[in-house]
Amino acid sequence: MERTFTTNAKCAGCVAKIGEKLNSNPAINHWAIDLTSPQRTLTIDSSLTDDEITALVAAAGFKAEKA
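Residues numbered from 1 in each chain as written. Predicted model: local features only at pLDDT ≥ 70, side-chain atom pairs only at ≥ 80, totals over all residues. Heavy atoms only, no water.

(A) Region of the structure containing the nonpolar core. Core analysis: the biggest nonpolar cluster contains 18 residues, and Ile18, Leu22, Ile28, Trp31, Leu42 and Ile44 have the highest contact counts within it. Those elements giving two or more residues to this core turn out to be helix H1 (12–23), strand E2 (28–34), strand E3 (41–46) and helix H2 (50–59). Top element by residues in this core is H1. It accounts for 4 residues. Ile18 has contacts with Ala9, Ile33, Val57, Ala60 and Phe62, leaving out every residue within four places of it along the chain. (Core = buried A, V, L, I, M, F, W, Y, C linked by side-chain atoms within 4.5 Å. Buried < 20%, exposed > 50% of the residue type's maximum accessible area, 1.4 Å probe, protein only. Helix = DSSP H or I, 4+ residues; strand = E, 2+ residues; numbered from the N terminus. Contact = heavy atoms within 4.5 Å.)

Shown next, in the form of structure tokens:
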């Protein structure tokens, strides 16, 4: 199921750090962060819960809130 979250990622390095956590989880099929959006939108296709997704982003040192 595809969902969107707002993040505080600011650059490609931030996206890479978040990506390390997201890519390591087999329940995530696809994800992308739009840095051109003022909300820096994370779009993610996963069977994880919203809380599990925000916890993964938090583990990378960033915030994510359900959009």
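Right, picking up where we left off after that structure.
(B) Here's a closer look at the sheet that holds strand E4 (residues 64–66). With antiparallel pairing, the 4 strands of this open sheet are ordered in space as E2-E3-E1-E4. At either end of the open sheet lies a strand with only one pairing partner, and these are E2 and E4. Across this sheet, the average inter-strand angle for adjacent strands is 30°, counted without regard to direction. Sheet topology places strand E1 (residues 2–7) next to E4; 3 bridges connect them, and they run antiparallel. (Pairing = 2+ DSSP bridges. Axes fitted to C-alpha atoms, helices over the stretch in contact; angles between N-to-C directions.)

(C) Molecular detail of unusual backbone geometry. Residue Arg40 is not a glycine yet carries a positive backbone phi of 45°. Inspection of the secondary structure puts Arg40 in the loop between E2 and E3. For Arg40, a relative accessible area of 27% translates into the label partly exposed.

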